[in-house]
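For reference, the chains in residue letters:
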Amino acid sequence: MPPFLELFDVAFVQRALVAGTLVAVICAVVGTWVVLRGMAFLGEAMAHGMLPGIAVATLVGAPPLLGAAVSAAAMSTGIGMLQRRGRISADTGIGLLFVASLALGVIIVSASRSFATDATAILFGDILATTTGDILTLAVVAIITLVAACLGHRAFVALTFDPRQAQLLGLRPRAAQVLLVALVTVAVVAAYQSVGSLLVVGMLLGPVVAAGQWTGRIPTTAALAAVIGAVSVALGLLISWHTSTAAGATIAFVAICSGAVSTLAHRLFVRPERNS
């Protein structure tokens, strides 16, 4: 193996690579629908909304993943209630809960003087600390996500392009929307430990935007986004190793850059051919 790739001989880097690849698969499947449905703000709100639950779980000695799941589920439920019963728009409701959750999380963190290191891991992730148990959890989440996406594919398509037609066809668009929000929640919770709550949206959006430049089919976009996400993880680990930067932040940055690079390449190489 070339010297600059020797990091992948290290056990904890190998675990980080496997975990990151699983995160890439989860985020690619869910992120495809996030982009199609224009739900990026929801994904970001979910990522920030986990902070109170993670903070409380860490302070009481409970698993942070459990706290993240509870907090994200509460956020999802709150958004659904505001949309159904309130007189405010979806964006307004998400924004209110987003700011409230973030503020509550900061209050909880600031109340503990010994929380600085844990807060950094929550916000920016610690993929190099991935354990075998974390990998198994991500593998289960990836399987559940793939199965749910396959079973709900038809309903998701109808919901995205013609909700009224979905209702007429008996595809239950409201249930499809609930399932889609649940998938976003699961993806965000599963990915936060790798890239952190502040950076998880980069993994949800960047590879999908990159893949969307080359294909218009939903399954192909998701598959290509998973490959791009996995490459972003490997490249991010490589860069962070040799430049001594934060691994999670570097991976998220590479994932976002993949979208910009793909867009530029498409404009340079594909559009000129079409114009000619």
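See above for the structure.
Description of the structure in this document.

Thresholds, definitions, all that
Think of each chain on its own: its residues are numbered from 1, step by step along the sequence as written. Only residues with pLDDT of 70 or above have their local features reported here, since the model is predicted, and side-chain atom pairs are shown and tallied only from 80 upward, although totals for entire chains, interfaces and linings are computed over all residues. Hydrogens and water are ignored here; the side-chain numbers use all heavy atoms of the structure. The helix and strand labels rest on DSSP assignments: H or I over at least four residues marks a helix, E over at least two residues marks a strand, and numbering proceeds from the N terminus. Three exposure classes are used, based on accessible area relative to the maximum for each residue type with a 1.4 Å probe and protein chains only: buried under 20%, partly exposed in between, and exposed over 50%. Here a residue-residue contact requires only that any non-hydrogen atoms of the pair lie within 4.5 Å. Angular values range over 0 to 180 degrees, each being the angle between N-to-C directions of two axes fitted as lines to C-alpha atoms, with helices fitted over their stretch in contact. When an angle is under 35 degrees it counts as roughly parallel; over 145 it counts as roughly antiparallel; between 65 and 115 it counts as roughly perpendicular; any other value is oblique. By convention, the crossing between two helices is left-handed when the near helix turns anticlockwise from the far helix through less than a right angle, and right-handed when the turn is clockwise. Three residue categories are used. Nonpolar comprises Ala, Val, Leu, Ile, Met, Phe, Trp, Tyr, Cys and Pro, charged comprises Asp, Glu, Lys and Arg, and polar comprises the others, including Gly. Classification of ring pairs uses Phe, Tyr and Trp, with its six-membered ring standing for Trp, and accepts pairs whose centres are within 6.5 Å; under 30 degrees between planes counts as stacked, over 60 as edge-to-face, and the remaining range as tilted. Side-chain atoms within 4.5 Å are what join buried Ala, Val, Leu, Ile, Met, Phe, Trp, Tyr and Cys residues into a set we call a nonpolar core. Each helix should span, by expectation, one fewer than its residue count multiplied by 1.5 Å. Distance thresholds for patches are 9 Å for like charges and 5 Å for nonpolar side chains (Val, Leu, Ile, Met, Phe, Trp, Tyr), applied to residues having over 30% relative accessible area and no salt bridge. With residues, only the protein chains shown are counted as cover, and all accessible areas are computed by Shrake-Rupley using a 1.4 Å probe. Basic side-chain nitrogens of Lys or Arg form a salt bridge, by our definition, when they fall within 4 Å of a carboxyl oxygen of Asp or Glu.

Our focus in this paragraph is the overall build of the protein. Check the secondary structure of the protein and you find 14 helices and zero strands. Listed N to C, the secondary structure of the protein is α-α-α-α-α-α-α-α-α-α-α-α-α-α in terms of helices and strands. Expressed as a percentage of the 276 residues in the protein, the buried residues total 47%. Expressed as a percentage of contacts within the protein between residues at least 6 apart in sequence, the contacts between residues at least 24 apart total 74%.

Axis separation between helix α7 (residues 132-151) and helix α10 (residues 173-195) bottoms out at 11 Å; the angle between their running directions is 160 degrees. When the interaxial angle is binned, α7 and α10 end up roughly antiparallel. Judged by the sense of rotation from one axis to the other, the crossing of α7 with α10 is left-handed. On α10, the residues that touch Asp-134, Leu-138, Val-141, Thr-145 and Ala-148 of α7 are Leu-179, Leu-183, Val-186, Ala-190 and Gln-193. When its residues are assigned to classes, the contact of α7 with α10 shows seven nonpolar, two polar and one charged.

The subject of this paragraph is unusual backbone geometry. Despite not being glycine, Ser-244 shows a phi value in the positive range, around 60 degrees. Within the fold, Ser-244 resides in the loop between α12 (218-243) and α13 (247-269). Its relative accessible area of 70% is what places Ser-244 among the exposed residues.

Looking now at the packing of helix α8 (residues 153-161) against α10. Each packed pair of helices is defined by two parameters, the angle between the axes and the distance between the axes. Interaxial distance between α8 and α10 falls to 9 Å at its minimum, and their mutual angle equals 105 degrees. Taken together, the axis directions place α8 and α10 in an arrangement best described as roughly perpendicular. Taking contact as the criterion, the partners of Ala-155, Phe-156 and Leu-159 in α8 are, on α10, Pro-173, Ala-176, Gln-177, Leu-179, Leu-180 and Leu-183. When the residues that make up the contact of α8 with α10 are grouped by side-chain class, the tally is eight nonpolar, one polar and no charged.

So, about the packing of aromatic side chains. Counted under the stated rule, the structure contains two aromatic pairs. A centroid spacing of 5.3 Å and a plane angle of 65 degrees characterise the contact between Trp-33 and Phe-156, whose relative ring orientation is edge-to-face. Taken together, the residues span a long stretch of sequence, with Trp-33 in helix α1 (residues 11-37) and Phe-156 in helix α8 at a distance of 123 residues. Since its relative accessible area comes to 4%, Trp-33 is described here as buried. We classify Phe-156 as buried; its relative accessible area is 1%.

Here we take up the nonpolar core. Of all hydrophobic cores here, the largest spans 60 residues; its most connected members are Met-46, Met-50, Val-188, Met-203 and Leu-237. Broken down by element, this core gets its largest block of residues, twelve residues, from α10. Discounting chain neighbours no more than four positions away, the residues touching Met-50 are Ala-68, Ser-71, Ala-72, Val-188, Val-189, Tyr-192 and Ser-197.

Between the first and last C-alpha of α10 there are 32 Å, a value that for 23 residues agrees with the 33 Å anticipated at 1.5 Å per step. At the C-terminal side of α10, Gly-196 shows a positive phi close to 85 degrees.

Together, Phe-12, Leu-128 and Trp-241 line one region of the surface with nonpolar side chains, adding up to about 250 Å² of accessible area. Counting through the fold element by element, Leu-128 comes out in the loop between α6 (116-124) and α7. The partly exposed category is assigned to Leu-128, whose relative accessible area is 32%.

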